[in-house]
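Inside the fold
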Amino acid sequence: MTTERTLSIIKPNAVAKNAIGAILGRFEAAGLHVVAARMLHLSREQASAFYAIHQGKPFFEELVGFMTSGPVMVQVLEGDDAVAKNRDIMGATNPANAAPGTIRADFADSFTENAAHGSDAPETAEIEIAFFFPEGVCPRTR
Ligand code: UDP
């Protein structure tokens, strides 16, 4: 197993549900450490840039509208196989397909409002972490 970092976002619908603590608790219970965190309200420019890969897709405007509808909590998670582990804990992108007990099964409101984001590969994680934490992330003390 390799120690990795991944970028996680608690999306506006889950923040509005007062579920930040519940969601972070799931990461911690699974052995992932929060090594950086910030709360912010994304601008249209930030949300469009973060999801640039989806520009032109039918759901893009709804996604950007949703991601800018309220504050988000952005964190870097560190641990063994953090990228895959985070995606397991989140569940499938479409909450209709998310396994019981996953974040999306428990906190999503729709395909778009699916409660959480997690990087899909270590290479993407590096880019996404730099997007939100350009100043870098301190090493974790053990
Ligand atoms: N999304 C959507 N409709 C779709 C596909 C995706 O609204 O048909 C939204 C959903 O919020 C998803 C985000 O766009 O989390 C990014 O999609 P991606 O395929 O990258 O899924 P993820 O990596 O978030 O699981």
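You'll find the structure just up there.
Now for a quick tour of the structure. The structure presented is a predicted model; accordingly, all values stated were derived computationally and were not measured.

**Concerning unusual backbone geometry**
Across residues other than glycine, the phi torsion is negative in most instances, and most of the peptide bonds are trans. In the Ramachandran plot, Asn18 falls in the positive-phi region, its phi being about 65° despite a non-glycine side chain. You can see Asn18 is positioned in the loop between helix H1 (12-16) and helix H2 (20-29). At Asp81, a position not held by glycine, the phi torsion is positive, near 50°. A relative accessible area of 28% means that Asp81 is categorised as partly exposed.

**Thoughts on the pairing of strand E3 (residues 72-80)**
Among the nine residues that make up E3, eight are buried, leaving the element largely enclosed by the rest of the structure. As judged from the eight bridges shared by strand E1 (residues 3-10) and E3, these two strands associate in the antiparallel manner. Residue pairing for E3: Thr6 is matched across the bridge by Leu77. Here seven bridges tie strand E2 (residues 33-40) to E3, and the two strands are oriented antiparallel to one another. From the neighbouring strand, Ala37 faces E3, where its bridge partner is Gln75.

**Considering the site of the ligand**
Every residue close to the ligand is listed here: Lys11, Tyr51, His54, Phe59, Leu63, Arg87, Thr93, Arg104, Phe111, Thr112 and Asn114. Between the ligand and Arg104 there is a distance of 3.2 Å, counted from an oxygen atom to a side-chain nitrogen or oxygen. A distance of 2.6 Å separates an oxygen atom of the ligand from a polar atom in the side chain of Thr112. With the chains in place, 81% of the 500 Å² that the ligand exposes on its own is no longer accessible. For the shell around the ligand, the class distribution of residues is four nonpolar, four polar and three charged.

The rules behind the values
One numbering rule holds for all chains: residues counted from 1, following each sequence as written. In keeping with the model being predicted, local features are shown solely for residues with a pLDDT of at least 70 and side-chain atom pairs are shown and tallied solely at 80 or more, while totals for entire chains, interfaces and linings include all residues. No hydrogens and no water enter the side-chain calculation; it runs on all heavy atoms of the structure. Elements are defined by DSSP. Helices are runs of H or I of four residues or more, strands are runs of E of two residues or more, and each kind is numbered from the N terminus. Note on classification: 1.4 Å probe, protein chains only; a residue is buried when its accessible area is under 20% of the maximum for its type, exposed when over 50%, partly exposed between these limits. A pair of strands is treated as paired once DSSP finds two or more bridges between them. The near set for a molecule or strand comprises every residue that places at least one heavy atom within 4 Å of it. A 3.5 Å cut-off defines polar contacts: any pair of N or O atoms within that distance qualifies, except that in protein one atom must be a possible hydrogen donor and the other a possible acceptor, and neighbouring residues in sequence count only when both atoms are side-chain atoms. Surface accessibility follows the Shrake-Rupley procedure with a 1.4 Å probe radius. Residue values consider only the protein chains on display as shielding. Gly is placed with the polar residues, together with every amino acid not listed as nonpolar (Ala, Val, Leu, Ile, Met, Phe, Trp, Tyr, Cys and Pro) or charged (Asp, Glu, Lys and Arg).

In short, shape yes, function no, at least from these values alone.
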